[in-house]
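Next come the chains, spelled out residue by residue.
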Amino acid sequence: MPEYIAKTALEGQAPLTIAGTVLMELDHGAVTSIQPFPGQAKALAKTLKPLGLAFPGVNSFASKDAALMVWSGRDQAFLIGADCPDLAGVAAATDQSGAWVTLSLSGPLAVDALARYVPIDLRLAAFPVGSAARTPVYHMSAVVMRVSEQGFRIMLFRSMARTGWHELEVALKTLAARAA
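Summary of the structure given here.

A word on the overall build of the chain. Within the chain, the regular secondary structure consists of three helices and eleven strands. Ordered by position in the sequence, the α and β elements of the chain form the string β-β-β-α-β-β-β-β-β-α-β-β-β-α. At 17 Å, the chain has a C-alpha radius of gyration in line with the 16 Å of a compact globule built from 180 residues. Expressed along its principal axes, the backbone C-alpha trace of the chain runs to roughly 55 × 50 × 30 Å. Here the chain holds 180 residues, and the buried ones make up 41% of them.

What follows covers the sheet that holds strand E6 (residues 76-80). In space, the five strands of this open sheet follow the order E4-E5-E6-E3-E7, with antiparallel pairing throughout. The sheet terminates laterally at strand E4 (61-64) and strand E7 (91-95), the two strands that pair on one side only. When the angles between neighbouring strand axes are averaged without regard to direction, this sheet yields 20 degrees. Where strand E3 (residues 31-36) and E7 come together, five bridges link them in antiparallel fashion. Pairing of Thr32 across the sheet is with Asp95, part of E7.

Tracing the backbone shows Lys173 in helix H3 (residues 161-179). Relative accessible area serves as the criterion here: at 47%, Lys173 is assigned to the partly exposed category. As a C-alpha pair, Lys173 and Leu103 span 70 residues in sequence and 17 Å in three-dimensional space.

Time to look at the environment of Ala66. As for its placement among the helices and strands, Ala66 is situated in the loop between E4 and strand E5 (67-73). Among the residues examined, Ala66 registers a relative accessible area of 62% and is labelled exposed. Ala66 sits 14 residues away from Ile80 along the chain, and the two C-alpha atoms are 8.3 Å apart. What Ala66 contacts, discounting residues up to four positions off in sequence, is Ile80 and Gly81.

Once that is clear, we can look at the pattern of salt bridges. Tallied over the full model, the rule gives two salt bridges. Note that Arg123 and Asp121 form a salt bridge whose closest N and O atoms lie 2.6 Å from each other. On the basis of relative accessibility, which here comes to 33%, the residue Asp121 falls in the partly exposed class. Across the salt bridge formed by Lys173 and Glu169, the nearest N and O atoms sit 2.9 Å from each other. Within this pair, Lys173 and its partner Glu169 are both found in helix H3, separated by four residues, close to a single helical turn.

The subject of this paragraph is the side chain of Glu167. Its location among the elements puts Glu167 in helix H3. There is no salt bridge for the buried Glu167, and the closest opposite charge comes from Arg116, which lies 8.9 Å off by N-O distance. Excluding residues within four positions of it along the chain, Glu167 makes contact with Tyr117, Tyr138 and Met140.

Let's shift gears to the pairing of E5. A regular strand places its side chains on the two faces of the sheet in alternate fashion. Counting buried positions along E5 yields seven of seven residues, so the element is predominantly enclosed. Where E4 and E5 come together, four bridges link them in antiparallel fashion. Opposite Phe61, over in E5, you have Val70 as the bridge partner. Hairpin remark: E4 followed by E5, antiparallel, with two residues in the connecting loop; positive phi at Asp65, about 55 degrees. Relative to E6, E5 runs antiparallel, the two being bridged by five bridges. When the bridges of E6 are listed, Leu68 appears paired with Ile80. Counting the residues in the hairpin turn of E5 and E6 gives two residues, including Asp75, whose phi is positive at 55 degrees.

Criteria and thresholds
- Residues numbered from 1 in each chain as written.
- Predicted model: local features only at pLDDT ≥ 70, side-chain atom pairs only at ≥ 80, totals over all residues.
- Heavy atoms only, no water.
- Helix = DSSP H or I, 4+ residues; strand = E, 2+ residues; numbered from the N terminus.
- Rg over C-alpha atoms; globule rule 2.2 N^0.38 Å.
- Buried < 20%, exposed > 50% of the residue type's maximum accessible area, 1.4 Å probe, protein only.
- Pairing = 2+ DSSP bridges.
- Axes fitted to C-alpha atoms, helices over the stretch in contact; angles between N-to-C directions.
- Contact = heavy atoms within 4.5 Å.
- Salt bridge = Lys/Arg side-chain N within 4 Å of Asp/Glu carboxyl O.
- Lys, Arg positive; Asp, Glu negative; His and termini not counted.

So this is what it looks like as structure tokens:
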């Protein structure tokens, strides 16, 4: 019987640094899609409380240690980096761990590079730290989170990992060349 070895989508891809901006893959760990059943918001909050997390509001995320709870659509959130508690009767939970890749983009060119592909205002005033959006990145469905003033986490479908990396690399190289 074959032995399967878990690998990230860009296994072996070294971080890329251009003009002080770093693009790298993150190992996000477990990803669980959670959709509360009607009328179960309080029960879900009670179930998530031991994790130190709550179901996020629209276009936001919260973190506790290595775990994130990220808004990912209407009445849906992703629990990332933590084992999902028992949600029987409270919410639908689906393991999404192998379906996504997470990229980190941080540094002085991060906003401008990502803004080339995202149809939302990524300026700090409009998309502050703690914001999350389900949005296309170029032609790829994504969840974009602002984790710092110059930093983003970008979740793409695993099948788009190399395309996402390539597009962001091209944007960074173009911006750096223009600045030079």
